[in-house]
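So you can see what is in the structure, the chains are spelled out below.
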Amino acid sequence: MADIQLPPPEELAKVSFQPRPQGWMDPCVEFRPGTWSYAGKPKALETVGMPNPREWSPTDADWKLPENWKEIILQGLRERLDKYRSLKVFLDICVRCGACADKCHFFIGSGDPKNMPVLRAELLRSVYRNDFTLAGKLLGKMVGARELTMDVVKEWFYYFYQCTECRRCSVFCPYGIDQAELTMIGRELLNLVGININWVMEPVAKCYMTGNHMGIPPHALKDNLEFFADDIENITGVRVDVPINKKGADVLFVVPSGDVMADPGIYTLMGYMMLLHESGLNYTWSTYASEGGNFGLFTSHEMIKRLNAKIYAEAKRLGVKWILGGECGHMWRVLHQYMDTLNGPADFLEVPVSPITGTRFEHARSTKMIHIAEFTADLIYHGKLKLDPSRNNAYKVTFHDSCNPARAMGLFEEPRYVIRNVCNHFYEMPENTIREQTFCCGGGAGLGNDENMEMRMRGGLPRGNAVRFVHERYGVNLLTAMCAIDRAVLTTLMEYWVPEVKVSGLHELVGNALVMKGEKKRELNLRSEPLNEGSEDTSD
Amino acid sequence: MTVVAPLIGVLALAAVSAAGARIGLTTLFCVVIPYAAILVFLIGVVWRVLSWARRPTPFNITTTCGQQHSLRWIQSSPLENPHTRLGVIGRVLLEVLLFRSLFRNVKHEFVSRENAAPRLAYKASPWLWLGALAFHYSFLVVFVRHYRFFSEPTPRSLQIVEMLDGFFQIGSPTIFVSGFVLLAAATFLLLRRLLLPQLRYISLPVDYFPLFLVIGIALTGILMRYTAFRTDTAAVKNLCIGLMQFKPPAATEPIGAIFFVHLTLVSCLFAYLPYSKLSHMMGVWLSPTRNLIGASRMRRHINPWNYPVAVHTYEEYENEWRDKMKAAGIPVDKE
C-alpha cells in the first residue's frame, strides 16, 4: 500500500498557473510520488492475453518494451486513424483556442499546462503530425511535429493516466473535440507494448474470469447478498428475496460489483434489494454477469467488448425479457453508447416494460436495458411506492452528477426527481459544477488508487470546493452520487476537502424512505445508525 | 521564434509580391498564383473532407449536454441532447452559426479566504466567443462584398449587404464596418495568444501564421480603399471578371503593388486552408460528438468493423465454479 504524504488542503489548493519557461515540445516528466499509478502486474496481463507481461515500474529507466516498440505504436496509430473518424478529425481540426484549458479538473487542481486538454491532445497530435502529415514531415517543429521517442511515451503514460475520460472539455470545445476519445486511443496504443496500470489491469483480469472487478466468486456473492438481506431484516423486519441465476425471471439486474463489497456502496445495494422486493419485480441477480462496470473502457475498445459480452449472453441464457442496471458511471457509458453496437442486436429480448406501472421504456427499445433511476422515477411518478422522506431528515443532500451518466447519457432529471421524493432537504451545487458541466471525482478511468493520491485530491479539488460551498451555505452533509467509483473515491476526497460531508448512493436514500409492507417501526437507517441522528446537523 | 517566424513568412510573401509588381510580373501574381491557389484549395477541400468522410464512426460518442429523452413526463433537451435527426441538424447549426459550445465558456478563479482553502469561482467569459463571432462574421461579409468585383452589374442582394455594412456612412468612400471589425477581431485573437501565458504556451507557429495572413489581408484591403494607396478598382474588376471567364486581360494594365500583396496573401490563405487547422471550417460539420443522434439505446449504431473477440463463456465459468455453486445452492446448467 502506498503511503503518500499529502500537504494540508490549504497548501494543496495554492496552485501555480505559471507555465514553465521552456516550451512543451521537449518531453519532460518527473514521476513524483502521489501523481502516478503502479504498472500492471504480469499475471493480470497473462490472464487476458495482453502483450508484454513483465514486472516493471514507471520510475525505472528501462521500461522493458519490445525492441520494435516504436513501429508497433505507429502501426497501431495508423490502423486507428483508419478505423475512427473521431480520431482523425480531432487530430486535424483543433485550433488551440484554449477554451478547454481550465475546464479540466486536473489542470485546475495542478496548474500543470500539460493537463490542459488541448496540450494533452497535442502530446499525441505532435506524433501524428510527424509521421502522418506532409507538413510535419517537411517542417517539423514549425508545425508542432515531434518524433516518437521513449520520453514521449513516458509523457503519454503520465498524462493519459492523468485524464479520467470525464469529457468535460468536450462540452466546451467549439468543435466537440473529446479528450476522452484521444485518451482511450492513447491508452490503447500504450497497451500494444504492455504499458498500463495495475488498477485497471487487475479489475480487467478479475472481471474476465470471475465476472466482476472485485473477483467475487459465485458463492461469496451469494453470501454477501444474503448478509445484506439479514441486515435489511434487522432494520426493517422484512425478509427480502435474493434471487440468483434464476431462469424464468423477467429481468436481469446488473450492478457495479463495488457496491457488493465496499462501504458506503453496500447501503445503496441494500436500497436496490428493498426497492426490487417491494416493487414485486420478478428479477434475478447473476453471478456470471456480476459486473456492469467495464474497465475495458480504460484499456481498449476490444476489451470493452470482451468484458461486456457476458451481459447479453447471461440475459439470453436466463431467458429474461429485459435488463435493469444499477448506479454506476462508466458502466452506463458502456451500456448506453457501446453495448448494443459491440454485442447486439439484443433481438432475443423485449422492449423494457415496467410490469408495475405498465410504462414502456421506448428510449431503450434497441438496447433493452434501463437505468434503475429511470425505473424508480417511473414507480414514484405513478404512485407505486410508499415513501417517508422524513426518514432522511438528518441529511442535507447535494447531488453529484457522475461524468458518464451526465455527458454520455444526459441522465439529469430522473435522479433529481427521486431525491426530491425521498428527501426533504436537497440543495444543488453551483451551476458550473453540475449537470453537463459536472466535475469529476478525480479518480475515474482507473485512477482511484492510493498511490495516485495527490493527483486524486488535486483532480477532485473543483468538486471538493463546490461541496464545501453548499456545506457552508446550506449545511449540506451528504453528497449523493450514482456511481460506484464515486462512492469509493469521493469518500476519500471528502475526508480531505470537506470532512463534514459523507457520501451515499441514490438508492440508499430510497431504501431509507421506502415504507415496506409488513415492516416494523424503523429506528435505524441503512447504516444502522439511529434514524435522524446519524449525521450531525450543522445548519443554523 | 514561434511568433517571429510566421511574421517573417507573411512579410516575405508581401515583399515578394510587391517586388513582383515593381518588375511587372503581373501574369504571375495576378493570374497564375490566384488560379493555382484556387485549384489547390478546391482539391484540398475535397481531399480533406473525403479523408474524414470515408472513415467510419464506429461508436455513438455523442456528448450529451442536456436531459436525455426518456420518460414521457420529463422534458428532454432536443438541441443539447438530440434524439431526432432534426435535433441534430439544429445542434450542428447552432455550433456552426452561433458557436454554441464556445458560448458556455467560463473562467475559473481562486478567491483566497482567511484560514481556509481558497474558493473556486467561475466567471462567465464571453470574450473569446464574441471575438470569434466578430472575426468569422466580418470575414464572411467582407468575402461576400468582394463579389462586386466579379459581377457586372452588381446584384441587388449585394447592394443590400453593402448598404447595411456601410451603415456608418461618413463621407466618401462609404466606410464598410466589416473590414475594420475583421482587423480588430484578428488583432484581438493575436493579442490573446501573445498575452495570456497559458495560451502563449500552447501556441505554435502555425497558430500565428494565419492570423498574420488575415491581418495583412485586412490591412492591405483597408489601405487600398481608404488611403493614398487607393487602387484602380476598374482595373481590378476587369481582372477579376477576366479571371472568372478564364480570359484574363492582357498584363499591361497597371495595378498598384499593394493590390499584388493583397491578392497574394488571399491566395495563400485559400491554398493553406484545407491543409491546416483552418480545415475546422469543414471539420466542425463532421465532429462525432456533435453530429450523432444521442438516442443510442433507441437505435442501434452500427460499427462496420465490429469483429468477434475472445470471451470467457458461461460454460467455462460454470466449469470452474460448479462445485462451489452447487454447494451454495446456486442453480447450475450441468449437474
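None of the values given here were measured: they were computed from a predicted structure.

Take the overall build of chain B next. Each helix and strand in chain B was counted, giving 13 helices and 2 strands. Here chain B has a C-alpha radius of gyration of 28 Å; the compact-globule value for 335 residues is 20 Å, and the former is much larger. For chain B, the spread of C-alpha atoms along the three principal axes comes to 100 × 60 × 45 Å. Here chain B holds 335 residues, and the buried ones make up 37% of them.

Glancing now at the domain arrangement of chain A. Residues and elements named next belong to chain A. One can read the domain layout of chain A as domain 1 (9–30 + 51–195) and domain 2 (205–513). The C-alpha centroid of domain 2 is placed 31 Å from the C-alpha centroid of domain 1. Mapped by element, the contributors of at least two residues to the side of domain 1 that touches domain 2 are α1 (9–12), α5 (105–110), α9 (168–172) and α10 (179–192). Looking at the side of domain 1 that touches domain 2 residue by residue, the class counts come to 9 nonpolar, 6 polar and 5 charged.

Residues and elements named next belong to chain B. With respect to the helices and strands, the residue Pro288 is situated in the loop between α12 (280–283) and α13 (314–327). Overall, the presence of 24 C-beta atoms within 10 Å leaves Pro288 in the buried class. Taking the C-alpha atoms as reference points, Pro288 and Pro58, separated by 230 residues in sequence, lie 9.9 Å from one another.

The next point concerns the interface of chain A and chain B. Taken residue by residue, the interface counts 93 residues in chain A and 85 residues in chain B. Looking at the side of chain A that touches chain B element by element, the count peaks at 7 residues for helix α15 (residues 301–318) of chain A.

All right, on to the packing of helix α3 (residues 69–83) of chain A against α10 of chain A then. Residues and elements named next belong to chain A. Running from N to C, α3 and α10 cross one another at 140°; their axes reach a closest spacing of 9 Å. Taken together, α3 and α10 sit at an angle that is classed as oblique. The element α3 and its partner α10 pack so that their crossing is right-handed. Judged by residue contacts, Ile72, Ile73, Gly76, Leu77 and Arg80 of α3 engage Ile185, Leu189 and Leu192 from α10. Taken together, the residues of the contact of α3 with α10 break down into 6 nonpolar, 1 polar and 1 charged.

Turning next to unusual backbone geometry. Residue and element names in this part refer to chain A. The step from Asp263 to Pro264 runs through a cis peptide bond, and the omega angle for that step is 5°. Position of Pro264 relative to the elements: it lies in the loop between α13 (258–261) and α14 (265–279). Here the residue pair Gly344 and Pro345 is connected by a cis peptide bond, since its omega of -5° sits within 30 degrees of zero. Checked against the element boundaries, Pro345 lands in the loop between α17 (339–343) and β4 (369–371).

Overall, the predicted model of chain B reaches an average pLDDT of 93, with 98% of residues at or above 70. For this predicted complex, the interface score ipTM comes out at 0.95, alongside a pTM of 0.95.

Here the focus is the sheet that holds strand β7 (residues 502–504) of chain A. All names here are of chain A. Pairing within the open sheet is parallel, and its 3 strands lie in the order β5-β6-β7. With partners counted over all chains shown, the strands left at the sheet margins are β5 (397–400) and β7, one partner each. On average, each strand axis in the sheet is inclined to that of its neighbour by 30°, with strand direction left out of account. Sheet topology note: the β5/strand β6 (residues 478–481) ladder contains 4 bridges and is parallel. Following the sheet pairing, Val397 is matched in β6 by Leu478.

All names here are of chain A. If you check α3, its first and last C-alpha atoms are 21 Å apart, about what 15 residues at 1.5 Å a residue would give, namely 21 Å. Every buried residue of α3 is accounted for by Trp69, Ile73 and Leu77. Each buried residue of α3 lies within a common arc of 70° when the element is viewed along its axis, so the set occupies one face. Turned more than 90 degrees off the buried face of α3, the exposed positions are Glu71 and Glu79. Looking at the buried residues of α3, the elements they touch are α6 (117–132) and α10.

Residues and elements named next belong to chain A. Packing of helix α18 (residues 372–381) against helix α20 (residues 413–422) brings their axes to within 9 Å, and their N-to-C directions diverge by 50°. Comparing the axis directions of α18 and α20 gives the class oblique. As for how α18 packs across α20, the hand of that crossing is left-handed. Residue-level inspection shows Ala373, Glu374, Thr376, Ala377 and Ile380 of α18 in contact with α20, the latter providing Glu414, Pro415, Tyr417, Val418 and Asn421. Taken together, the residues of the contact of α18 with α20 sort by class into 6 nonpolar, 2 polar and 2 charged.

Definitions and limits used
- Residues numbered from 1 in each chain as written.
- Chains lettered and ligands numbered in written order.
- Predicted model: local features only at pLDDT ≥ 70, side-chain atom pairs only at ≥ 80, totals over all residues.
- Helix = DSSP H or I, 4+ residues; strand = E, 2+ residues; numbered from the N terminus.
- Rg over C-alpha atoms; globule rule 2.2 N^0.38 Å.
- Buried ≥ 20, exposed ≤ 12 C-beta atoms within 10 Å, placed from the backbone.
- Domains from an automatic or database assignment.
- Nonpolar A, V, L, I, M, F, W, Y, C, P; charged D, E, K, R; others polar.
- Contact = placed C-beta atoms within 7 Å.
- Axes fitted to C-alpha atoms, helices over the stretch in contact; angles between N-to-C directions.
- Parallel < 35°, antiparallel > 145°, perpendicular 65-115°, else oblique.
- Left-handed = near helix turned anticlockwise from the far one by under 90°.
- pLDDT = per-residue confidence, 0-100.
- Pairing = 2+ DSSP bridges.
- Expected span 1.5 Å × (residues − 1).
- Arc of directions from axis to C-beta.

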